[in-house]
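Results of the structural survey
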Amino acid sequence: MWTLALACAFFLCIHLMISGTTMKEQVIAKIGGTAYYILFSLFSIGGLIWMIIAFGIALGDPMNVVLWKSETFLRVIGLFGNFLAFLLIVVGIVTPSPTNLMALRNLPDKTVYGIIRISRHPILSGIGIWAFTHIICNGNLAAWIFFGSVLALCALGANNIDRKRIALMGDVYASIKRRTSIIPFVAIIEGRTAFAPEELGVARMLLAVSMFSAITVLHELLFNARAI
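Let us look at the structure shown here. (Residues numbered from 1 in each chain as written. Predicted model: local features only at pLDDT ≥ 70, side-chain atom pairs only at ≥ 80, totals over all residues. Heavy atoms only, no water.)

To continue, consider the packing of helix α6 (residues 122-137) against helix α7 (residues 141-169). The geometry of α6 relative to α7 is characterised by a closest axis approach of 9 Å and an angle of 155° between their N-to-C directions. Relative to α7, the element α6 is oriented roughly antiparallel. Taken as a pair, α6 and α7 cross one another with a handedness that is left-handed. For the pair α6 and α7, the contacting residues are Leu 124, Ile 127, Gly 128, Trp 130, Ala 131, Phe 132, His 134 and Ile 135 in the first and Ala 143, Trp 144, Phe 147, Gly 148, Val 150, Leu 151, Cys 154, Gly 157, Ala 158 and Ile 161 in the second. (Axes fitted to C-alpha atoms, helices over the stretch in contact; angles between N-to-C directions. Helix = DSSP H or I, 4+ residues; strand = E, 2+ residues; numbered from the N terminus. Parallel < 35°, antiparallel > 145°, perpendicular 65-115°, else oblique. Left-handed = near helix turned anticlockwise from the far one by under 90°. Contact = heavy atoms within 4.5 Å.)

The following block contains the structure:
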């Protein structure tokens, strides 16, 4: 269990204390941008693999206290939550966004469009929902540490991106921020933007549904646990 906690702390540290602060610019100034991104990617991949292995081990640890049993209704809630998560992640990946790295060079022609109306950080929001649903469906300490760390990274990471974009783009990004939200559907509910399902794209939606269906069917085979 302690190994899992250490792995999660390491993963959060490299993303929030290095990438999310001025330390990033200091490191780039010393070793260069290319070397920094290569090292950061290697540390990130290594940290994620460490977390996954440690989580698998922690599931059988005597310290892994069971906090509640995962009833069927919780799994049903989790299934719907994961469906939304897949939509946000998959559609977010294939939709031009003002918050991704590409936008640092060139903002998309339509800054508030499609999935961005639902969340301006669709990928992070989707991963966050995925993590939250796995917390409620896995009532044990190991799951709280593992998925809780992922959820915290998504929430803090989204705010860090907003802070850096405001500093870089000023009023342009402030305008985007006013018309959108991090938490899905909040800006739509508050009337700051309109819901436009036709902008999501049929092909993108079909891709997301197909991937969700495939993972749900193969979940037990891939992860040794039932999806529902």
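Still to come is the rest of the account.
As for its position among the elements, Ile 215 is in helix α10 (residues 202-223). When the C-alpha atoms of Ile 215 and Ala 227 are compared, they prove to be 8.7 Å apart, with 12 residues separating the residues in sequence. The residues touching Ile 215, leaving out its near neighbours within four places in the chain, are Phe 86, Leu 222 and Phe 223.

Let us look at the nonpolar core. If you look at the biggest cluster of nonpolar residues, it comprises 19 residues, and the most contacted ones within it are Leu 4, Met 51, Phe 55, Ala 142, Phe 146 and Phe 147. Sorting the residues of this core by element identifies α1 (2-19), α3 (33-58), α6 and α7 as the ones contributing at least two each. A per-element tally of this core places α7 first, with 7 residues. Those residues in contact with Phe 55 that sit more than four places away from it in its chain are Leu 4, Ala 142, Ala 143, Phe 146 and Phe 147. (Core = buried A, V, L, I, M, F, W, Y, C linked by side-chain atoms within 4.5 Å. Buried < 20%, exposed > 50% of the residue type's maximum accessible area, 1.4 Å probe, protein only.)

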